[in-house]
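Fold and contact review
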Amino acid sequence: GNMVEWCLPQDIDLEGVEFKSMASGSHKIQSDFIYFRKGLCFGLACFANMPVESELERGARMKSVGILSPSYTLLYRYMHFLENQVRHQLEMPGHYSHLEAFYDDKKGVLPDSKGTPSSQQPVHWLPSIHRYMYPEMKITHPAGCMSQFIKFFGEQILVLWKFALLRKRILIFSPPPVGVVCYRGIVLYCCCCLANVSLPGLGGTVPESKPFFYVNVADIEMLETEVSYVACTTEKIFEQKRDLYDVYVDNQNVKTHHEHLQPLLKINNADKEKYRRLNDQRQMLMYSQEVGEDCSSCEEDLFILFFMEQNNRIFQTLMEVSASQDKTLTADHARGMGLDPQGDRSFLMDLLEVYGIDVMLVIDNPCCT
């Protein structure tokens, strides 16, 4: 099995990190990078695999070199260093001077072994994900990643949007390399961005939606306690463990085993209209860039702002209705929020429950469609 060969500081709790930093199935690939979580810390590890003439190592030497930080936003800066160091460790095992110097230069105060930060508060991702996540993830991703996401999922983006807004447990499966599913595939990134809301004072009791990046069987006990997360895995066995997730994404297939969530899988007319508007805005952006009128905007900005404005419109309407005298949400309200009065009825009901908004739905009559 995997083992921790060396670390600084030596007394830090690294239980399970040897499996988080080297994905199941990595022996089939030459290199990879993995983002993960360990308690309140975020981790980045770079993996490499080198053939060797050694019976003891069974013909292959595989290592990961990684770092942990209380802040995700620092990690991407050190990917190049980690890639160089894992290659160095393969070629010259046991030489840690570069890693020691890196630690002495970069070390800060980490949370203690109980997971309680001694100098920093936990990172809160949603609804403030744009502030904490977006600028750095934008740098980590290659150009055009949002285009790839939109082309790959098409109208299914609206299905993921609803599940993300409802703070569901979303698990994304893909075989190694992990870097492809978690980053170049950018599904996890986009799922987090879909639920961004900028209205103040919303959802104080709503569960925090956490990006766990890569997870494996060693994380099962931790996932059993989570009520909302987005994660990716290379281990197919997770599909059978339905108590650990609400939504399972495999390639372009988005599915849920919860009967009450099944209606959210259907694309309705309002979803098609939103997807059309998103594509229209993308086309206008690309045209303005071609003619040189707009060089400052990018698809990531457009994508995040599109869904943030959609989310803000929904919650602004819901809060206004909840503050009214009769607290009645009608079909006209639903259409004004960009939703289908009938097709999105179950979505609206779940939304009101999750966010604790006191509103009465009166859109049961099919004539309201």
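Before reading further, recall that the structure is shown in the block above.
For the structure given in this document, a descriptive report is provided here. (Residues numbered from 1 in each chain as written. Predicted model: local features only at pLDDT ≥ 70, side-chain atom pairs only at ≥ 80, totals over all residues. Heavy atoms only, no water.)

Structurally, R282 is set in helix α11 (residues 269-290). In this structure the side chain of R282 is engaged in a polar contact, spanning 2.9 Å, whose partner is the side chain of N279. With residues near it in sequence (within four places) discarded, R282 still touches S147, I150, E299 and L302. (Helix = DSSP H or I, 4+ residues; strand = E, 2+ residues; numbered from the N terminus. Polar contact = N/O pair within 3.5 Å; in protein donor to acceptor, adjacent residues only side chain to side chain. Contact = heavy atoms within 4.5 Å.)

Ranked by size, the top nonpolar core spans 65 residues in total, and within it F315 and L318 carry the most contacts. In this structure, this core is formed jointly by two domains, domain 1 (17-103) and domain 2 (143-319), each of which donates at least three residues. Setting aside its immediate chain neighbours within four residues, L318 contacts L329, M337, L348, L351, L352, I357 and V359. (Core = buried A, V, L, I, M, F, W, Y, C linked by side-chain atoms within 4.5 Å. Buried < 20%, exposed > 50% of the residue type's maximum accessible area, 1.4 Å probe, protein only. Domains from an automatic or database assignment.)

With that out of the way, let us pick up the sheet that holds strand β1 (residues 31-38). A sheet is described by the order of its strands in space; here three strands give the open sequence β1-β2-β3, paired in antiparallel fashion. Both outer strands of the open sheet, β1 and β3 (60-69), are each paired with one neighbouring strand and no more. Pairs of neighbouring strands in the sheet enclose a mean axial angle of 20°, with direction left out of account. Across eight bridges, the pairing between β1 and strand β2 (residues 41-51) is antiparallel. Paired with I34 across the two strands is A45, which belongs to β2. (Pairing = 2+ DSSP bridges. Axes fitted to C-alpha atoms, helices over the stretch in contact; angles between N-to-C directions.)

Here the focus is a negative patch on the surface. The grouping of E15, E221, E224 and D243 at the surface amounts to a negative patch. Its location among the elements puts E15 in the segment before α1 (17-20). (Patch = residues over 30% accessible without salt bridge, like charges linked within 9 Å, V, L, I, M, F, W, Y side chains within 5 Å. Areas by Shrake-Rupley, 256 points an atom, 1.4 Å probe, with all protein chains shown as cover. Salt bridge = Lys/Arg side-chain N within 4 Å of Asp/Glu carboxyl O. Lys, Arg positive; Asp, Glu negative; His and termini not counted. Charge placed at Lys NZ, Arg CZ, Asp CG, Glu CD.)

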